[in-house]
Amino acid sequence: MISFFKEIYLDAKNIKEKDPAAKSIISVILLYPGIHAVISHRITHFLYKKHLFFIARALSQFSRFLTGIEIHPGATIGKRLFIDHGMGVVIGETAIVGDNCTIYHGVTLGGTGKEKVKRHPTLKNNVMVGAGSKVLGNIIIGENVKIGANSVILNNVPDNSTIVGIPGKIKNSKS
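Here's what I pulled together on the structure shown here. The model shown is predicted, which means the values in this text are computed figures rather than measured ones.

1. Thoughts on the sheet that holds strand S4 (residues 90-91)
Reading across the sheet, the five strands line up as S1-S4-S7-S10-S13 and stay open at both edges, with parallel pairing between neighbours. The open sheet has two edge strands, strand S1 (70-71) and strand S13 (152-153), and neither has a second partner.

2. Observations regarding the nonpolar core
With 27 residues, the main nonpolar core has Ile 91, Ile 103, Leu 109, Leu 123 and Ile 141 as its most contacted residues. What Ile 91 contacts, discounting residues up to four positions off in sequence, is Glu 70, Ile 71, His 72, Ala 75, Ile 77, Ile 103 and Leu 109. Among the nonpolar cores identified, the runner-up in size contains nine residues, and Ala 12, Val 28, Tyr 32 and Ile 39 belong to it.

3. Considerations on empty space enclosed by the protein
Think of a ball as big as a water molecule: rolled over the atoms, this probe shows where empty space is left. If you walk through the whole model with that rule in mind, you get one cavity of 30 Å³ or more. In this structure, the largest cavity occupies an estimated 40 Å³ of space. If you trace the largest cavity, you find it lined by Ala 37, Ser 40, His 41, Thr 44, Ser 60, Ser 63, Ile 69 and Ile 71. Elements supplying a minimum of two residues to the lining of the largest cavity: helix H3 (33-49) and helix H4 (53-67). It is H3 that contributes the most residues to the lining of the largest cavity, four residues altogether. Looking at the lining of the largest cavity residue by residue, the classes come out as three nonpolar, five polar and no charged.

4. A word on the packing of aromatic side chains
If you walk through the whole model with that rule in mind, you get two aromatic pairs. Look at Phe 4 and Phe 5: their rings are 5.4 Å apart centre to centre, the planes differ by 80°, and that puts the pair in the edge-to-face class. For Phe 4, a relative accessible area of 22% translates into the label partly exposed. Measuring from ring centre to ring centre gives 4.9 Å for Tyr 48 and Phe 53, while their planes differ by 70°; the resulting arrangement is edge-to-face.

Basis of the calculations
- Residues numbered from 1 in each chain as written.
- Predicted model: local features only at pLDDT ≥ 70, side-chain atom pairs only at ≥ 80, totals over all residues.
- Heavy atoms only, no water.
- Pairing = 2+ DSSP bridges.
- Helix = DSSP H or I, 4+ residues; strand = E, 2+ residues; numbered from the N terminus.
- Core = buried A, V, L, I, M, F, W, Y, C linked by side-chain atoms within 4.5 Å.
- Buried < 20%, exposed > 50% of the residue type's maximum accessible area, 1.4 Å probe, protein only.
- Contact = heavy atoms within 4.5 Å.
- 1 Å grid on protein atoms, 1.4 Å probe; cavity = no way out; pocket = protein on both sides within 12 Å on 5 of 7 lines; lining within 4 Å.
- Points joined across faces, edges and corners; volume = space filled by probe spheres on them.
- Nonpolar A, V, L, I, M, F, W, Y, C, P; charged D, E, K, R; others polar.
- Phe/Tyr/Trp six-rings, centres within 6.5 Å; stacked < 30°, edge-to-face > 60°.

Geometric values such as these leave the question of function open.
Given below as structure tokens:
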């Protein structure tokens, strides 16, 4: 239980460091819907892993109602995720989000089919996904990648790249 609260503190500290508008850690914990959604997800993910699927989904939908952020309980979320503004963010069931990622409002980490296997993207560590972007399918977004606002990403992206456009094209790669 102590580690649960420690993770919340570390999430809030990360947000305070990344967001110039954040005035204090306590204001982040009390006022930021992104951290509320992540806290809720940790609870629903725990329930989901215990095969309490209905309760997990019901709680995640309640969190979506409160925050405007939908994270499926089956998604795997790393440490220190910062969902900035958050309204309209959707993270699908088989998505994996690494550590120290930043996701802006209107982002979808979605699937492209109805198959029951891994169908959502994997974001490695230190990925930034710009507002309105759609990252779709069972693809891998490499470490330290920056995805420009409103981009549509349908293919794997190598580490240390910047990708923009519809469909996404690599504009800068330091691999």
